[in-house]
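Residues per chain, in single letters:
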Amino acid sequence: MFGFVFSNRFYILLCGVACFFFSCSRGDLPQQLAACAEAVTQIEFSQSGDTTTLTEVNGQWVVNRGRVVRAEHLSNWWCVALNWQLRPITLDETIKRKITTQLVREGVHTAIFTGRREHPSLTFYIGDIAYTGTVVCYNEQLFLADVPYAGYELMDVFNAKTGYWKDATVFSCLPSDLDIVTVEHLQRPEASFQLVRDGNGWQPVAGKGNRVIYYKNEALINRYVTYFQQVEADAIIDRLPEAELTAIRRHLQHRINIKSAKGNRTVELFGIPLEAEHGYDTDKCLLFMVETKEWARASWVSFDLLLRDLSDFVDKNKE
């Protein structure tokens, strides 16, 4: 997927060339971005104390030298950066200074690095200004920014928060790579189970006492293991306060572990208590990826297919 995004960067660039020359004068920001697009190796976003750095490492883009970049978000950013239109704004010096000061204080500072240079090749500020629109400050000049016919607001793709950029994949494993799948239901231990590879098939095993279930629902099992090919959270969480972590850990509901050719992956799912302790949020949950020590926000619906019970794998017609 990431190769697709960046191998098509040049195609996106060509699609936007007409816009560049129609809307901008020689040497302006869109043309500068277009000229260096294929050489970009790092993009940095900073705003109000948040800083995120996207870096190309061995042909793969990563966030703050850690998790890989969410391909869709980076592709959208490049689509904007190579197709937006900037129109110079004529203002008196007093208003110009006010807008520039506001952009520097509240806007997203973007730095573009090419090659392995220590200093950025291009820098600019961008932000929404009330009663004006989306404004860019580049080379001490102000421009009104727009993306013709885009299906989203321009500022949707500029974000300095790390969680926005991180790929949110939780499981990504083919059935042929899986060896053991373990699902623990902490509040209903009797429903916990394991699926253990048995040659070309699978053997369901009870969570306690390793009691083998002989009459298995093979069709469901074979379908179930395919669900691990791609499971995503809503977003990776950068940081959680220690007090909040302590409270969250009291609400562990499920634990999923897979052993595979790619290694182990353990994910713990935590309920989010509703106010006044009246049950849990039935839409959202929090999860913790044990091996990478990452927290994420997730939707229960994304994990419904994985959170089966032991009884689901028994062929009830043969009991």
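Just above, that's the structure.
Residues numbered from 1 in each chain as written. Predicted model: local features only at pLDDT ≥ 70, side-chain atom pairs only at ≥ 80, totals over all residues. Heavy atoms only, no water.

*Asks:* Would you mind showing me how to read the layout of surface pockets here?
*Replies:* Where empty space is left becomes clear once a probe the size of a water molecule has been rolled over the atoms. Here the largest pocket defines a volume of roughly 210 Å³. As for the largest pocket, its lining consists of 13 residues, and the residues nearest its centre are V170, F171, S172, K262 and R265. Contributing elements (two or more residues each) for the lining of the largest pocket: β9 (169-171), β15 (252-260) and β16 (263-273). The computed volume of the second largest pocket comes to approximately 170 Å³. Residue lining of the second largest pocket: D50, K161, G163, A235, I236, I237, D238, R239 and R297, and that is the complete set. Counting residues per element, the lining of the second largest pocket draws most heavily on strand β14 (residues 235-237), at three residues. Partitioned by chemical class, the residues of the lining of the second largest pocket number three nonpolar, one polar and five charged. (1 Å grid on protein atoms, 1.4 Å probe; cavity = no way out; pocket = protein on both sides within 12 Å on 5 of 7 lines; lining within 4 Å. Points joined across faces, edges and corners; volume = space filled by probe spheres on them. Helix = DSSP H or I, 4+ residues; strand = E, 2+ residues; numbered from the N terminus. Nonpolar A, V, L, I, M, F, W, Y, C, P; charged D, E, K, R; others polar.)

*Asks:* In this structure, what is going on with unusual backbone geometry? I would like to understand it.
*Replies:* Across residues other than glycine, the phi torsion is negative in most instances, and most of the peptide bonds are trans. Despite not being glycine, R65 shows a phi value in the positive range, around 65 degrees. Tracing the backbone through its elements, the reader meets R65 in the loop between β3 (60-63) and α4 (71-81). With a phi close to 65 degrees, Y131 is a non-glycine residue in the positive phi region. Note on placement: Y131 falls in the loop between β6 (122-129) and β7 (133-138). Residue classification places Y131 among the exposed residues on the basis of a relative accessible area of 89%. (Buried < 20%, exposed > 50% of the residue type's maximum accessible area, 1.4 Å probe, protein only.)

*Asks:* Explain the pairing of strand β17 (residues 280-289) here, please?
*Replies:* Two faces belong to every sheet, and in a regular strand the side chains alternate between them. Examined bridge by bridge, β16 and β17 share six bridges and lie antiparallel to one another. Residue pairing for β17: G271 is matched across the bridge by C285. Across six bridges, the pairing between β17 and strand β18 (residues 294-299) is antiparallel. Paired with L287 across the bridge in β18 is A296. (Pairing = 2+ DSSP bridges.)

*Asks:* Can you help me understand the nonpolar core in this one?
*Replies:* Nonpolar side chains in soluble globular proteins tend to end up buried together. If you look at the biggest cluster of nonpolar residues, it comprises 36 residues, and the most contacted ones within it are W77, W84 and F158. Looking at which element gives the most residues to this core, the answer is α4, with five residues. W84 has contacts with L29, P30, L33, F124, I126, V136, A145, D146, V147, L154 and F158, leaving out every residue within four places of it along the chain. If you look at the next biggest cluster of nonpolar residues, it comprises 35 residues, including L220, Y224, C285 and L307. (Core = buried A, V, L, I, M, F, W, Y, C linked by side-chain atoms within 4.5 Å. Contact = heavy atoms within 4.5 Å.)

*Asks:* For this particular structure, what's the right way to read the sheet that holds β14?
*Replies:* Two modes of strand pairing occur in sheets, parallel and antiparallel, and in both the strands are linked by backbone hydrogen bonds. Ordered in space as β12-β11-β10-β15-β16-β17-β18-β14, the eight strands form an open sheet in which the pairing is antiparallel. Only two strands of the sheet have a single partner each, and these edge strands are β12 (201-206) and β14. Along the sheet, successive strands turn relative to each other by an average axial angle of 25 degrees, direction set aside. One ladder, built from four bridges, connects strand β10 (residues 178-185) with strand β11 (residues 193-198); its direction is antiparallel. Looking at the pairing, V181 lines up with L195 of β11. (Axes fitted to C-alpha atoms, helices over the stretch in contact; angles between N-to-C directions.)

*Asks:* How should I be thinking about the environment of N159 in this particular structure?
*Replies:* If you trace the backbone, N159 turns up in the loop between β8 (141-146) and α6 (162-165). For the pair N159 and G107, spaced 52 residues apart in sequence, the C-alpha to C-alpha distance is 9.9 Å. Apart from residues lying up to four places away in sequence, N159 is in contact with F45, Y164 and W165. Within the structure, N159 has its side chain in polar contact with the backbone nitrogen of K161 (distance 2.8 Å). (Polar contact = N/O pair within 3.5 Å; in protein donor to acceptor, adjacent residues only side chain to side chain.)

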